Amino acid sequence: MTPGPGRRLIPAYLVTGGRTRPTGPALDRLAVLVRTDSALPDDTGSEQRRLCELLEPGALSVVECAAHLDLPVSATVFLATDLAAAGHLHTRPPIPSAGETDRSLVERLLVGLRSLH
């Protein structure tokens with residue numbers, strides 16, 4: 001059976017090497033990945049190599065990498081965790097969402113700005 005258009009030759013679960021957990025702490029799906037300058041060893045897998053090539057121009061989140069690689073986010077987490085542990089990627093936690101603004105602080109700020117006028 002030949003793969004149809006858009007079908008992967010290698011099933012996504014094989015990318016993880018059959019593991020059910022990443023080798024290090026699991027990354028958040030919104031974690032930011034940045035490629036380091038370290039050279040990849042010759043035995044680096046093709047999917048890991050593709051991920052590093054994808055990050056050559058700049059940083060992307062795990063979810064963005066998964067979309068570009070056409071892999072599930074969970075498989076991309078495995079790849080990124082392995083590459084980070086080997087020193088080929090830097091990871092940064094996602095930027096936390098802003099908390100709710102204190103309305104009384106904003107009102108006091110407006111009063112202060114109006115008094116300057």
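Residues numbered from 1 in each chain as written. Predicted model: local features only at pLDDT ≥ 70, side-chain atom pairs only at ≥ 80, totals over all residues. Heavy atoms only, no water.

In the nomenclature of an unreviewed UniProt entry, the protein is known as DUF742 domain-containing protein of Streptomyces sp. 900116325.

A few words on the pattern of salt bridges. As enumerated under the stated definition, the model contains three salt bridges in all. In this structure, E56 engages R35 in a salt bridge whose closest nitrogen and oxygen atoms are separated by 3.8 Å. A residue pair is termed long-range when its members are at least 10 positions apart, and E56 in the loop between α2 (46-54) and β2 (60-61) and R35 in strand β1 (residues 32-35) qualify at 21 residues. A salt bridge links R50 to E47, with the shortest nitrogen-to-oxygen separation between them at 2.9 Å. On the criterion of helical spacing, the pair formed by R50 and E47 is a turn pair, its members being three residues apart in helix α2. Classification of R50 as partly exposed rests on a relative accessible area of 33%. Since its relative accessible area comes to 11%, E47 is described here as buried. (Salt bridge = Lys/Arg side-chain N within 4 Å of Asp/Glu carboxyl O. Helix = DSSP H or I, 4+ residues; strand = E, 2+ residues; numbered from the N terminus. Buried < 20%, exposed > 50% of the residue type's maximum accessible area, 1.4 Å probe, protein only.)

Moving on, we get to the sheet that holds strand β3 (residues 89-92). Strand order in the open sheet formed by three strands is β2-β1-β3, and the pairing between neighbours is antiparallel. Edge positions in the sheet fall to β2 and β3, since each has one partner strand and no second. Pairing analysis gives two bridges linking β1 to β2, with the strands arranged antiparallel. The partner of V32 across the bridge, within β2, is S61. (Pairing = 2+ DSSP bridges.)

Chain-level pLDDT for the protein is 83 on average; 80% of the residues reach the 70-or-more range. Of all secondary-structure elements in the protein, the lowest mean pLDDT belongs to helix α1 (residues 12-15), at 65, while β1 reaches the highest, 96. (pLDDT = per-residue confidence, 0-100.)

So, on to helix α4 (residues 73-85). With 13 residues, α4 extends 18 Å between its outermost C-alpha atoms, agreeing within 8% with the 18 Å of an ideal straight helix rising 1.5 Å per residue. Just downstream of α4, G87 is the residue with a positive phi angle, here 85°. (Expected span 1.5 Å × (residues − 1).)

With that settled, consider the packing of helix α3 (residues 62-69) against α4. Following both chains from N to C, one finds α3 and α4 inclined at 110°, their axes separated by 9 Å at the closest point. With respect to α4, the element α3 is oriented roughly perpendicular. Of the residues in α4, those in contact with V62, V63, C65 and A66 of α3 are V73, T76 and V77. Class assignment for the residues of the contact of α3 with α4 results in six nonpolar, one polar and no charged. (Axes fitted to C-alpha atoms, helices over the stretch in contact; angles between N-to-C directions. Parallel < 35°, antiparallel > 145°, perpendicular 65-115°, else oblique. Contact = heavy atoms within 4.5 Å. Nonpolar A, V, L, I, M, F, W, Y, C, P; charged D, E, K, R; others polar.)

Another point: the side chain of H88. Tracing the chain through its elements places H88 in the loop between α4 and β3. For H88, a relative accessible area of 7% translates into the label buried. Polar contacts involving the side chain of H88 include one to the side chain of S38, which spans 2.7 Å. Apart from residues lying up to four places away in sequence, H88 is in contact with V34, R35, T36, S38, A39, L40, P41 and L83. (Polar contact = N/O pair within 3.5 Å; in protein donor to acceptor, adjacent residues only side chain to side chain.)

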